[in-house]
Number of protein chains: 6
Amino acid sequence: MVTEPLVYLNGCMLPASRAHLKIYDAGVVMGATVTEQARTFHQRLYKLGEHLDRLFCSLRCASLDIDLSKADLAAISRELVAHHSGLLAGTAELGLIQFVTAGEYTAYAASTDPPPHPGPTVCVHTFPLPFERWARSLQTGAHLVTPSIRHVPPQCYDPKMKYRSRMHFYLADKEAQRVDPAATALLLDLHGNVTETAAANLLIMERGTLVSPPVVHILSGISRATLIDLAGKLGIPFCERALQVCDTQNADEAFLTSTPYCLMPVTKVNGTAIGNGQPGPVFRRLMQAWSEEVGLDIERQILEGAKRRCEEVTS
Amino acid sequence: MVTEPLVYLNGCMLPASRAHLKIYDAGVVMGATVTEQARTFHQRLYKLGEHLDRLFCSLRCASLDIDLSKADLAAISRELVAHHSGLLAGTAELGLIQFVTAGEYTAYAASTDPPPHPGPTVCVHTFPLPFERWARSLQTGAHLVTPSIRHVPPQCYDPKMKYRSRMHFYLADKEAQRVDPAATALLLDLHGNVTETAAANLLIMERGTLVSPPVVHILSGISRATLIDLAGKLGIPFCERALQVCDTQNADEAFLTSTPYCLMPVTKVNGTAIGNGQPGPVFRRLMQAWSEEVGLDIERQILEGAKRRCEEVTS
Amino acid sequence: MVTEPLVYLNGCMLPASRAHLKIYDAGVVMGATVTEQARTFHQRLYKLGEHLDRLFCSLRCASLDIDLSKADLAAISRELVAHHSGLLAGTAELGLIQFVTAGEYTAYAASTDPPPHPGPTVCVHTFPLPFERWARSLQTGAHLVTPSIRHVPPQCYDPKMKYRSRMHFYLADKEAQRVDPAATALLLDLHGNVTETAAANLLIMERGTLVSPPVVHILSGISRATLIDLAGKLGIPFCERALQVCDTQNADEAFLTSTPYCLMPVTKVNGTAIGNGQPGPVFRRLMQAWSEEVGLDIERQILEGAKRRCEEVTS
Amino acid sequence: MVTEPLVYLNGCMLPASRAHLKIYDAGVVMGATVTEQARTFHQRLYKLGEHLDRLFCSLRCASLDIDLSKADLAAISRELVAHHSGLLAGTAELGLIQFVTAGEYTAYAASTDPPPHPGPTVCVHTFPLPFERWARSLQTGAHLVTPSIRHVPPQCYDPKMKYRSRMHFYLADKEAQRVDPAATALLLDLHGNVTETAAANLLIMERGTLVSPPVVHILSGISRATLIDLAGKLGIPFCERALQVCDTQNADEAFLTSTPYCLMPVTKVNGTAIGNGQPGPVFRRLMQAWSEEVGLDIERQILEGAKRRCEEVTS
Amino acid sequence: MVTEPLVYLNGCMLPASRAHLKIYDAGVVMGATVTEQARTFHQRLYKLGEHLDRLFCSLRCASLDIDLSKADLAAISRELVAHHSGLLAGTAELGLIQFVTAGEYTAYAASTDPPPHPGPTVCVHTFPLPFERWARSLQTGAHLVTPSIRHVPPQCYDPKMKYRSRMHFYLADKEAQRVDPAATALLLDLHGNVTETAAANLLIMERGTLVSPPVVHILSGISRATLIDLAGKLGIPFCERALQVCDTQNADEAFLTSTPYCLMPVTKVNGTAIGNGQPGPVFRRLMQAWSEEVGLDIERQILEGAKRRCEEVTS
Amino acid sequence: MVTEPLVYLNGCMLPASRAHLKIYDAGVVMGATVTEQARTFHQRLYKLGEHLDRLFCSLRCASLDIDLSKADLAAISRELVAHHSGLLAGTAELGLIQFVTAGEYTAYAASTDPPPHPGPTVCVHTFPLPFERWARSLQTGAHLVTPSIRHVPPQCYDPKMKYRSRMHFYLADKEAQRVDPAATALLLDLHGNVTETAAANLLIMERGTLVSPPVVHILSGISRATLIDLAGKLGIPFCERALQVCDTQNADEAFLTSTPYCLMPVTKVNGTAIGNGQPGPVFRRLMQAWSEEVGLDIERQILEGAKRRCEEVTS
């Protein structure tokens, strides 16, 4: 039995240490890749169906045809998770990534290479959620900085398609971290409206209402949908509206929402404290509701997981 | 001795069949990659210095620091070419690719993985120029189609940095090929001005002058600079000016210029024939001047190389 | 009695064969024209009041003053329809066009011309609805293609004013038909959002809701209003939201709505099938509701009318 | 012999009083029309070749094919001018208009109509130049006002194609005339740069240099080219540069240039006097050079022609 | 006792005649100032809390820290009003202005100047409401004109922060008054949508609904909020939507709302009458509801106050 | 005799300590102000004529009429400088500021105020150049940071008019200083092109050519014109071109130029070193040429002046 995690790659289940991309795969050469990221709770995949639905939307937008159905990908995903979970302590949770590239760009192939894999490159892999990355921000709040670089507009490629040509996010985060090493870039669109970070949607609380930028310039996040749904159950109204930096700075609370950590308070935008500069009561209520839905204390799991990892490293 | 091409990857010279990227390299995960592509004439690298200068400009824009100097990369590049040339017939020419990604994105690493390579991923590799891809267009002219998708504007990421987050080019080419399977996408900028194709700069002849879009929205191509230089020697004036589709359709001639094939006539834009619909006299003069500079007949080499490849395949 | 249709032109009722515009009318010289198009059901004008209301809005936006009231134009319109209907078989239906130009541009008048008609040119005319144009698309669905040309933005002239300076629609349709001869152009606005076709509004079904682009960049269509109203009666919620190409491609269904044919299914956008690529169930329900409202089976009338016309031509 | 002017229309030479467009010609229905306007000096057409060249550029941009060559259109144009000149006093001059529409839009045809003319509608006609329209502005200078309406950007349709979908010019002039009944609208582009008026190009004198907006957002006027050429002969340097309203207000002089009157001084922009508020010395020099080129005093001809017309009307 | 109004300036209560700004205050040098304007009814401040809340939002957006709390500013404001009211007849009402600049720009200080006041400049002052300015427009309706100058977009500075860098409003009003001396400029945003005037929000009645441009490009006015609230109590639905000039011209009614006069009918936009060109019934109902809320007839107070002022001047 | 500097204000020469603006001057209330800043060399005003020419251009753009001629303002300016120089050591140099506001905004006047000064407020004042502010940057180079806030576009107000509604510059500098307390904001325009800083023009050296952004989005600086002129005398070619951040980062050298300090090297843009991170040879040559033109060593004067000031403060 394989004692390392498995990776699905173009029809094969490989040990993780043997899963690679060719240096001339279109994903490497052109960033021509769509992707999804899911996670487990209690080592079971959460909202896998929603992620697969969106993956197939992204594939359709990119005119990429794969010979796997949603059911195939679901089975593969569950198998990978089951195998990897078996290698880990019961307290760990996994992230799961599915990605599809436009296939091998054979013009760059070396002459001695074997014949290319036909069609798109399909890969599914798993990794232990790195709780230690979020523990600190979860307690004191994330810091956002708006860089001078702008988000790519939908007429170039639509952020509703989850793609991997993300150079602007990389440059934006570098720019934000020159202001504050702990900061994440909150990109503005070409008109100066607030959009999203590289890996999360932003929402704010404004006079009792949960407000999000409209989906035109952002990923239509599955965690975002969950959050809106949870808010509705708590009686918190929701609306979409073009938001500017001033709105986020004058919000009562602000959040990031993303698959791996669910919800994160934001306590600073461009150096200005949000509210009293601490995670707020709506954050607490929403996190608790989310925890109830998934049957575990999300925040505690992250904090304890981070502590364990820290102990492993130092021991 | 290794009987297959070598690839430089993060300090090692590997046989091509063993050169791979990790599935969680930042180049795969985010397209956070800058690159260069050079080629040989008579199996010697052409304008390597210019390509290295531009690579280091791109690295500076991306705030990527590598521990190799231009001289190091030049030596590596020449070694790879020498080795690969030794494996080929004397009539072949090589393309050379250098790329640098932001390194491994360790948050996605599997728990059993070895420690990551620190810092950016640096790769240099070679491939035989696929002459058969250009032979036909070289004789009858390339067809361009302007898709509805727009080029990413410089305030997102600057096309003067040669990057690989190129999803929009991929989508644009798909859109162009729905119009004409032989077509390449000529992207417009957000204001509707003509920019470039995925792999080439566009220039036109207009009343005796060679005209290019300004460098704001395009790669400042090394082949483009060579072309302008050759035109100057032939007494053809040059200017930069914002160009619209109408200008290209009413041009006397139009060209694509790119490292691997140097110069290509354009004979159709959005279905409208340019000039008389055939490669024109200025194309001939410029291609001849370029051939003289590099000491071989570029067009004939491509046509004969393509013919050879065709014979290999069918034999 | 006149045995050909009549045309109202600047105060006169003329036989259709004698109704012309001067070659220097402002409608010809500058496209300075506002217009309306209505149709009959059972040979009676449908929603004539709504069309007249919008015509007078357009006139106000264009600062055009005519010396006819809405009642005058209604009477003229009904008279033209009654006369033309008398010349046709009972199964035919009529289209009715009203247009007002800025009048004769006398600077271009020939010296021997009679004195110009003062003030705007007002014309009302009728024509048999060409059912044969829509029969095929009604059965298999319309194909839409987004061209590279963009819709004129409201700060140039507002699409809510129904005008005839429509060169961009003409060019856009040519561009779309190079992709697919059966396609209609779906224009994007300057930000890449979906707007409308030359003659119809677009709406989509998305997770049970009827969604339209906001009226900023589109004509506020009377058929569109009817559709929204019918949807409401069927319990289908409606909202407006900026839509991108991805949204239309991932819609459950998509429709065009326009005065002459009421409702048309869309089955392809940029080559991607919508839903299962066939007219969908919501289309059927809405078309049936519309048919009930007007007291005849709209779809069958078009299909049978087209068949008759086809037989006339071949016989 | 015909004692009224002739008009060429779709292959026929008709008396002017019998030349009309169908009410459903695409030029009427959609403004889908390209056009040229030339004029005579000494009753001979001036720069006819340049106008025909540009007409064929416009046709190519609009994908309109006509079955007439440039030589055919030149012969027709000269014949119309010769005939019309024979009917006029020797002091008159003619304007000549060529226009091509996308043809009859048969969907709107009445059932009793004769078969449509196939292909585009081609029309050429002449008219006596209305000198009285320009006499006053020529003496005291034109007034320009920038309206809130913007010029249509090239990504909708390119102003380098001389088209007739000009609703925005009509609305802009109305807006300008609310400020000053003698004013003409100077349209700004979407970025607020100065472009052109409905019928003329704008140029300014700035510290000894003749400056024009770049051709991106304006018609590449034949009179503009003549003016630049004349300026060169007088030793006045020329450049293109994006101009804003401030630049025109602080110019030493400003001009309009257009086929029928050649050159017109501008003395006011948005109520601010240009220079000392009078036609300036460079205007005088350029007008004189132009007069010498065409062999008559252009300004005097306009003023005397206007006086004659005035006397005719009052006698 | 001081017999002239007092002004609060940087910690001191000064007689109005001695309250000045240094010529090198940042408010003078850079317009780096945020502000609020409130008013009294029955000589008591109306919605002071809302104004202070917004002032502190503006301060946060501008990163200006002052050492006064909201309570401090409220106390100062009330004291100024009480003192000034004591100097006036009982029929007068006061305007109250609070402004905070970025402090003294000491680089421009003269060498002999005393040490600068540290930190921001804080000023509060009062003035009798100049009813005579509004009486006429209140009776016959305000006239709006859209100038060619555009509103500053939020990515430069956000209109939701009440700032005093208002050069564009000044230039816009000058432009509007060239059309109509009684007109106020209604600025368009960069996309041609309607925004606001220098001192008021615009709202329209459209088919029974009160419609406002979205708050992205406008001040989130306190009077606007009051108006929406009053409308709700009268059963008038409200929505936000991007509005163009055509929409305002075809509105049933249009209003300006602003702190000093509360509500003003708009009867002309760009020379086109709104509705029947008279203040409409919804204006009357809203003005009455507002009057009831504040316990006096707002319109009558303005008209009578204006009449008194007129009599003072002429007597 | 007055022993403090004098200030010209609305017709009076006042001691500096008595020169103030009313709190309701339009310059305070609306930032409706145009301005100039000149300086002395050897205590004589440098290029006063050019500054006055530009002031009158700005006045014309703002439609502000003052009753002073250029000669009047020149005389006033010289008188102020002569007086202030007499109060200073011979080593000091003066800055001179002229500004004109739209006058008193009387609607905000207190009832007891004296009658307002009619017409615009005109002020001229002087101050010792604060050499200590520039000494450090002159030696080690200025640091620039591009903030997320964008420069106000010319269609709002044209940067070629030197105005004081500069809130965006204030906010931009705050944003830049969060990255690097020593940094100055380099604003981008709405398209992401480099423009200017709050008080200086930027130029770069690129392959031997001095390059500036085009004047569309920047002040047409008098120091900038001097620099271009000096470069020409040294044989350094000059051109204007849209520049992006990448261009500045890859420049050989970069400079700021501004009236008070003439020329400043830039050594960092967004944290990336320019060239070798030190002031470069072209900077030295240009500074020397400038020093020769004005007859003193500009850099040494600044460094020694700063040292003196430092000694004064610490002694």
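Here the structure is a predicted model, which is why all the values come from computation and not from measurement.

## Notes on the overall build of chain A
Looking only at helices and strands, chain A has nine helices and 15 strands in total. In terms of overall size, chain A behaves like a compact globule, its C-alpha atoms giving a radius of gyration of 20 Å where 315 residues would be expected to give roughly 20 Å. Along the first, second and third principal axes, the C-alpha set of chain A runs to 60 × 45 × 40 Å. When each of the 315 residues of chain A is scored for burial, the buried share is 66%. A separation of at least 24 residues holds for 71% of the contacts in chain A among residues at least 6 apart in sequence. By element, 53% of the accessible surface of chain A is carried by carbon and sulfur atoms, the whole surface being about 11,000 Å². With 29 positive and 32 negative side-chain charges, chain A shows a separation of 2 Å between the mean positions of the two kinds.

## Quick word on the sheet that holds strand β5 (residues 44–45) of chain A
Taking strand neighbours across the sheet as the criterion, the six strands line up as β2-β1-β7-β6-β4-β5 (chain A) in an open arrangement whose pairing is antiparallel. Both outer strands of the open sheet, β2 (12–15) and β5 of chain A, are each paired with one neighbouring strand and no more.

## Brief notes about the relation of the copies chain A and chain B
When chain A is fitted to chain B, the best match, at an RMSD of 0.0 Å, comes from turning it 180 degrees and sliding it 0.0 Å along the axis. Interpreted geometrically, this transformation is the action of a two-fold axis. Identified as the residue of chain A closest to the rotation axis by C-alpha distance is Ser165 of chain A, at 2.0 Å. Same-surface contact between copies: 100% of interface residues of chain A are shared with the interface of chain B.

## With respect to the pairing of strand β4 (residues 33–41) of chain D
Most of β4 of chain D sits out of view: nine of its nine residues are buried. Connecting the antiparallel pair β4 of chain D and strand β5 (residues 44–45) of chain D is a turn made up of two residues, with His42 of chain D showing a positive phi of about 50 degrees.

## A word on the interface of chain A and chain B
At the interface, 63 residues of chain A touch 64 residues of chain B. Between chain A and chain B, a total of about 4,900 Å² is buried, with carbon and sulfur atoms accounting for 64% of that surface. A per-residue breakdown of the area chain A buries against chain B is headed by Ile23, Tyr108 and Met167 of chain A, which together make up 15% of the total. Here chain A is connected to chain B by zero salt bridges.

## Examining the side chain of Thr259 of chain C
Position of Thr259 of chain C relative to the elements: it lies in the loop between β13 (253–258) and β14 (262–269). For Thr259 of chain C, the residues in contact, after removing those within four places along its chain, are Gln37, Ala38, Arg39, His51 and Ser223 of chain C.

## Structural notes on the pairing of strand β14 (residues 262–269) of chain A
Residues and elements named next belong to chain A. When you tally the buried positions in β14, you get seven out of eight residues, the bulk of the element. Looking at chain direction, strand β8 (residues 142–145) and β14 are connected through three bridges and run parallel. The residue bridging His143 from the neighbouring strand is Lys268, located in β14. As judged from the five bridges shared by strand β13 (residues 253–258) and β14, these two strands associate in the antiparallel manner.

## Side note on the interface of chain E and chain D
Contact with chain E, which involves ten residues of that partner, is made by ten residues of chain D. In total, about 830 Å² of surface goes out of reach between chain E and chain D, with carbon and sulfur atoms giving 44% of it. Three residues, Ser148, Arg178 and Val179 of chain E, lead the burial of chain E against chain D; their summed loss comes to 55% of the area buried on that side. Linking chain E with chain D are zero salt bridges. Taken together, chain E and chain D are joined by six residue pairs in polar contact (both at pLDDT 80 or more). Partitioning the side of chain E that touches chain D into residue classes produces three nonpolar, four polar and three charged.

## Details of the relation of the copies chain E and chain D
With an RMSD of 0.0 Å, chain E superimposes on chain D once it is rotated by 180 degrees and translated 0.0 Å along the axis. In this assembly, 100% of the residues forming the interface of chain E have copies in chain D that are likewise at the interface, indicating an isologous arrangement.

## Regarding the nonpolar core
Counting 224 residues, the largest nonpolar core has Tyr157 and Phe255 of chain A together with Tyr157, Met161 and Phe255 of chain B as the members making the most contacts within it. Excluding residues that lie within four positions of it along the chain, Met161 of chain B makes contacts with Met167 and Leu171 of chain A, Val34, Ser58, Cys61 and Ala62 of chain B together with Cys246 of chain F.

## A few points about the pattern of salt bridges
By the definition in use, this model includes 72 salt bridges over all chains. Glu299 of chain C is paired through a salt bridge with Arg284 of chain C; the nearest N and O atoms lie 3.5 Å apart. Taken together, the residues Glu299 of chain C in helix α9 (residues 298–314) and Arg284 of chain C in helix α8 (residues 281–294) connect sequence positions 15 residues apart. Taking relative accessible area as the criterion, Glu299 of chain C reaches 15% and is therefore assigned buried. The exposure class assigned to Arg284 of chain C is partly exposed, which follows from its relative accessible area of 40%. Between Lys160 of chain E and Asp158 of chain E there is a salt bridge whose closest N-O contact spans 3.1 Å. Look at Lys160 of chain E and you get buried, because its relative accessible area is 13%. Owing to a relative accessible area of 5%, Asp158 of chain E belongs among the buried residues under this scheme. One network of salt bridges, in which partners are shared, links Asp158 and Lys160 of chain A together with Glu206, Arg207, Arg241 and Asp247 of chain C.

## Section: the packing of helix α2 (residues 48–61) of chain B against helix α3 (residues 70–86) of chain B
All names here are of chain B. Running from amino to carboxyl end, α2 crosses α3 at an angle of 130 degrees, the nearest separation of the two axes being 10 Å. Compared by their axis directions, α2 and α3 come out oblique. α3 is crossed by α2, and the crossing has right-handed handedness. Contact residues: Leu48, Leu52, Asp53, Leu55 and Phe56 in α2; Lys70, Leu73, Ala74, Ser77 and Arg78 in α3. Of the residues assigned to the contact of α2 with α3, the class counts are six nonpolar, one polar and three charged.

## Focus: the packing of helix α6 (residues 222–233) of chain C against α8 of chain C
All names here are of chain C. For the pair α6 and α8, the least separation of the axes is 10 Å and the interaxial angle reads 105 degrees. Judged by the inter-axis angle, α6 sits roughly perpendicular to α8. Contact with α6, carried on its side by Ser223, Thr226, Leu227, Leu230, Ala231 and Lys233, involves Leu286, Ala289, Trp290 and Glu293 of α8 and no other residues of that element. Across the contact of α6 with α8, the residue classes tally to six nonpolar, two polar and two charged.

## A few points about the sheet that holds strand β1 (residues 6–9) of chain F
All names here are of chain F. Taken in spatial order, the six strands make up an open sheet running β2-β1-β7-β6-β4-β5, and their pairing is antiparallel. The open sheet terminates on both sides in strands that have one partner only, identified here as β2 (12–15) and β5 (44–45). The pairing of strand β6 (residues 94–101) with strand β7 (residues 121–128) spans eight bridges and is antiparallel. Counterpart to Phe99 in the pairing with β7 is Cys123. Across the sheet, helix α2 (residues 48–61) touches β4 (33–41), β5 and β6, and the angle it forms with β4 is around 180 degrees.

## A few points about the state of the cysteines
Chemically, a disulfide is nothing more than a covalent bond linking the sulfur atoms of two cysteines. All names here are of chain A. Scanning the model with the defined rule gives zero disulfides over all chains in all. Lacking any disulfide linkage, Cys57 is separated from the closest cysteine sulfur, that of Cys61, by 6.6 Å. Residue classification places Cys57 among the partly exposed residues on the basis of a relative accessible area of 27%.

## Description of the side chain of His83 of chain E
Residues and elements named next belong to chain E. With respect to the helices and strands, the residue His83 is situated in helix α3 (residues 70–86). Given a relative accessible area of 14%, His83 falls into the buried group. Engagement of the side chain of His83 in a polar contact is seen with the backbone oxygen of Glu4, the distance being 2.9 Å.

## Concerning helix α3 (residues 70–86) of chain C
Between its first and last C-alpha, α3 of chain C extends 24 Å over 17 residues, near the 24 Å set by a 1.5 Å rise per residue. Of the residues making up α3 of chain C, those classed as buried are Leu73, Ala74, Ile76, Ser77, Leu80, Val81, His83, His84 and Ser85 of chain C.

## Examining the packing of aromatic side chains
In this structure the tally under the stated criterion is 36 aromatic pairs over all chains. Judged by centre distance (6.3 Å) and plane angle (70 degrees), the ring pair of Phe131 of chain E and Trp134 of chain E falls under edge-to-face. What makes Phe131 of chain E buried here is its relative accessible area of 5%. Pairing Tyr157 of chain F with Tyr163 of chain F gives two aromatic rings, centres 4.5 Å apart and planes at 75 degrees, and the pair type is edge-to-face. One aromatic cluster is present, built from ring pairs that chain together Tyr105 and Tyr108 of chain A together with Phe127 of chain B. When the ring centre of Tyr163 of chain A is taken as origin, the NZ or CZ atom of Arg166 of chain A, which lies over that ring, is 5.4 Å away.

Calculation notes
Residues numbered from 1 in each chain as written. Chains lettered and ligands numbered in written order. Predicted model: local features only at pLDDT ≥ 70, side-chain atom pairs only at ≥ 80, totals over all residues. Heavy atoms only, no water. Helix = DSSP H or I, 4+ residues; strand = E, 2+ residues; numbered from the N terminus. Rg over C-alpha atoms; globule rule 2.2 N^0.38 Å. Buried < 20%, exposed > 50% of the residue type's maximum accessible area, 1.4 Å probe, protein only. Contact = heavy atoms within 4.5 Å. Areas by Shrake-Rupley, 256 points an atom, 1.4 Å probe, with all protein chains shown as cover. Lys, Arg positive; Asp, Glu negative; His and termini not counted. Charge placed at Lys NZ, Arg CZ, Asp CG, Glu CD. Pairing = 2+ DSSP bridges. Least-squares fit on C-alpha atoms with pLDDT ≥ 70 in both. Buried area = accessible area lost by both parts, 1.4 Å probe. Salt bridge = Lys/Arg side-chain N within 4 Å of Asp/Glu carboxyl O. Polar contact = N/O pair within 3.5 Å; in protein donor to acceptor, adjacent residues only side chain to side chain. Nonpolar A, V, L, I, M, F, W, Y, C, P; charged D, E, K, R; others polar. Core = buried A, V, L, I, M, F, W, Y, C linked by side-chain atoms within 4.5 Å. Axes fitted to C-alpha atoms, helices over the stretch in contact; angles between N-to-C directions. Parallel < 35°, antiparallel > 145°, perpendicular 65-115°, else oblique. Left-handed = near helix turned anticlockwise from the far one by under 90°. Disulfide = S-S within 2.5 Å. Expected span 1.5 Å × (residues − 1). Phe/Tyr/Trp six-rings, centres within 6.5 Å; stacked < 30°, edge-to-face > 60°. Lys NZ or Arg CZ within 6 Å of the ring centre and 35° of its normal.

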